[in-house]
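As a plain string of letters, each chain reads:
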Amino acid sequence: SQQGEEDPQALSIQEGENATMNCSYKTSINNLQWYRQNSGRGLVHLILIRSNEREKHSGRLRVTLDTSKKSSSLLITASRAADTASYFCATDAEGGSEKLVFGKGTKLTVNP
Amino acid sequence: DVKVTQSSRYLVKRTGEKVFLECVQDMDHENMFWYRQDPGLGLRLIYFSYDVKMKEKGDIPEGYSVSREKKERFSLILESASTNQTSMYLCASSLLLPGSRTYEQYFGPGTRLTVT
């Protein structure tokens, strides 16, 4: 099944810096979503970008999508220690599907 | 706010025991999911239900079964627990976003199951 792959697997930065995470996927999609998971907890939806969109913003989050390269990036600006978490991209099949396929995640550590 | 609850945060069971993991959502969502999450493997879909009494196998259904007798409740059953089923289990429900074929998933807090 298609799968998003996040890169890097782990990222450690200082508070105030920007964090960029990338996601690549294999087949055509309807949309791509980013989720966040705090340690030992469930996932929380952050942002969704549709296949006909190229960029989307939500607060300190900026997501881009390049369907020609089958890739997306998540940028967190002015990071805070509270942003420490794992971040996952998730894709659904072109045309839409109830099922999402999640990548393995990027573990972000923001040092105070 | 959507709330998805799972019956236990931590569970320890013995090999061979029958294990029930319960998930309840309060937003009348049609779709519910069970995933397991293991280090280095990400989230893998075990089973999916799109309506009461309806189910569909995910990527790793072996050793598991599910039950959905009521819309709000989706149970994962380990018929005979084995040590390789030690994992974090996550339940989710999903909402169809208006005017689209796009679904957003809402997750419970997870159950960390240890089988000894």
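In case you missed it, the structure is sitting above this.
The rules behind the values
- Sequence order sets the numbering: in each chain, residues are counted from 1 along the sequence as written.
- Ligands are numbered from 1 and chains lettered from A, in the order in which they are written.
- Where local features are concerned, this predicted model is filtered to residues with pLDDT of at least 70; where side-chain atom pairs are given and counted, the filter is 80 or more; whole-chain, interface and lining totals use all residues.
- Heavy atoms from the whole structure form the basis of all side-chain values; hydrogens and water molecules are not counted.
- Runs of H or I in DSSP of at least four residues are treated as helices and runs of E of at least two as strands, each being numbered from the N terminus.
- The globule rule is 2.2 Å times the number of residues to the power 0.38, and the radius of gyration it is compared with is taken over C-alpha atoms.
- Only protein chains enter the calculation, and the probe is 1.4 Å; a residue is then buried if its accessible area is under 20% of its type maximum, exposed if over 50%, and partly exposed in between.
- By definition in these notes, contact holds between two residues if any of their heavy atoms fall within 4.5 Å.
- Here the accessible surface of atoms and residues is derived via Shrake-Rupley with a 1.4 Å probe, and residues count as covered only by protein chains that are part of the display.
- Counting rule for charge: Lys and Arg are taken as positive, Asp and Glu as negative, and neither His nor the chain ends is counted.
- In plain terms, the charge of a residue is placed at NZ if it is Lys, CZ if Arg, CG if Asp and CD if Glu.
- In this description, buried area is defined as the sum, over both parts, of the accessible area (probe of 1.4 Å) that is lost when the two are combined.
- Salt bridges are counted wherever a side-chain nitrogen of Lys or Arg sits within 4 Å of a carboxyl oxygen of Asp or Glu.
- In protein, a polar contact means a hydrogen-donor-capable atom and an acceptor-capable atom, both N or O and within 3.5 Å, with residues adjacent in sequence counting only if both atoms are side-chain atoms; elsewhere, any N or O pair within 3.5 Å suffices.
- Two strands pair under a simple rule: DSSP has to find at least two bridges between them.
- Whenever a helix is involved, its axis is fitted only over the stretch in contact; in every case the axis is a line through C-alpha atoms, and angles between N-to-C directions fall within 0 to 180 degrees.
- Between rings of Phe, Tyr and Trp, where Trp is taken as its six-membered ring, a pair exists when centres lie within 6.5 Å; planes separated by under 30 degrees are stacked, by over 60 edge-to-face, and by other angles tilted.

*Asks:* Looking at this model, I keep getting lost on the overall build of chain A. Mind explaining?
*Replies:* Secondary structure summary: chain A contains 0 helices and 11 strands in total. In sequence order, chain A lays out its α and β elements as β-β-β-β-β-β-β-β-β-β-β. Its C-alpha atoms give chain A a radius of gyration of 13 Å, within 12% of the compact-globule value 13 Å for 112 residues. Expressed along its principal axes, the backbone C-alpha trace of chain A runs to roughly 45 × 30 × 20 Å. For chain A, with 112 residues in total, the buried portion stands at 47%. Contacts in chain A between residues at least 24 apart in sequence constitute 57% of all its contacts with a sequence separation of at least 6. Accessible surface computed for chain A: about 5100 Å², of which carbon and sulfur atoms make up 44%. On chain A, the mean spot of the 14 positive side-chain charges and the mean spot of the 12 negative ones are 2 Å from each other.

*Asks:* Would you take a moment to explain the interface of chain B and chain A for this structure?
*Replies:* Size of an interface: often given as the accessible area lost when the parts come together. In this assembly, 25 residues from chain B lie in contact with 24 residues from chain A. Of the roughly 2000 Å² buried between chain B and chain A, counting both surfaces, carbon and sulfur atoms make up 50%. Where chain B touches chain A, the interface holds 1 salt bridge. A salt bridge links Glu-56 of chain B to Lys-99 of chain A, with the shortest nitrogen-to-oxygen separation between them at 2.9 Å. Viewed at the interface, chain A and chain B are joined by 7 residue pairs in polar contact (both at pLDDT 80 or more). Broken down by secondary-structure element, the contributors of at least two residues to the side of chain B that touches chain A are strand E4 (31-38), strand E5 (42-51), strand E9 (87-96) and strand E10 (103-107) of chain B.

*Asks:* What is the right way to read the sheet that holds strand E6 (residues 55-58) of chain A from this model?
*Replies:* Strand pairing in a sheet relies on backbone hydrogen bonds, with the paired strands running either antiparallel or parallel. All names here are of chain A. Taken together, 5 strands build an open sheet; the order of strands is E1-E3-E8-E7-E6 and the sheet is antiparallel. Edge positions in the open sheet fall to strand E1 (5-7) and E6, since each of these has one partner strand only. Each neighbouring strand pair of the sheet contributes to a mean axis angle of 20°, computed without reference to strand direction. In this sheet, strand E3 (residues 19-24) lies alongside E1 in antiparallel orientation, the contact comprising 3 bridges. Among the inter-strand pairings, Glu-5 is bridged to a residue of E3, identified as Ser-24.

*Asks:* I keep staring at the side chain of Arg-36 of chain A and nothing clicks. Help me out?
*Replies:* Residue and element names in this part refer to chain A. Relative to the helices and strands, Arg-36 is located in strand E4 (residues 29-37). A distance of 2.8 Å separates the side chain of Arg-36 from the side chain of Asn-38, its partner in a polar contact. Dropping the residues within four chain positions of it, Arg-36 is found in contact with Gly-42, Leu-43, Val-44, Leu-46, Ala-82, Asp-83, Thr-84, Ala-85, Ser-86 and Tyr-87.

*Asks:* Would you take a moment to explain the pairing of strand E8 (residues 73-78) of chain B for this structure?
*Replies:* Two faces, one strand: in a regular strand the side chains alternate between the faces of the sheet. All names here are of chain B. With 5 of 6 residues buried, E8 lies mostly within the body of the structure. Here strand E3 (residues 19-25) runs beside E8; their pairing, made up of 6 bridges, is antiparallel. In the strand pairing of E8, Cys-23 is matched with Phe-74. Of the strand pairs in this sheet, strand E7 (residues 64-70) and E8 are connected by 5 bridges, and their pairing is antiparallel.

*Asks:* Would you take a moment to explain the pairing of E4 of chain A for this structure?
*Replies:* All names here are of chain A. Burial analysis of E4 places 9 of its 9 residues in the buried class, the great majority of the element. By the bridge criterion, 7 bridges tie E4 to strand E5 (residues 43-50) in an arrangement that is antiparallel. Within E5, the residue paired with Gln-33 across the bridge is Leu-48. Counted along the chain from E4 to the antiparallel partner E5, the turn is 5 residues long, and its residue Gly-40 has a positive phi close to 75°.

*Asks:* Hey, could you run me through the packing of aromatic side chains in this one?
*Replies:* Applying the stated criterion across every chain, the model contains 9 aromatic pairs over all chains. Relative to Tyr-35 of chain B, the ring of Phe-102 of chain A lies with its centre 5.6 Å away and its plane at 90°, an arrangement referred to as edge-to-face. On the criterion of chain membership, the pair formed by Phe-102 of chain A in strand E10 (residues 101-102) and Tyr-35 of chain B in strand E4 is interchain, its members lying in two chains. For the pair Phe-102 of chain A and Tyr-35 of chain B, a shared accessibility class is recorded, and that class is buried.

In short, the description is geometric, and any link to function would need to be established separately.
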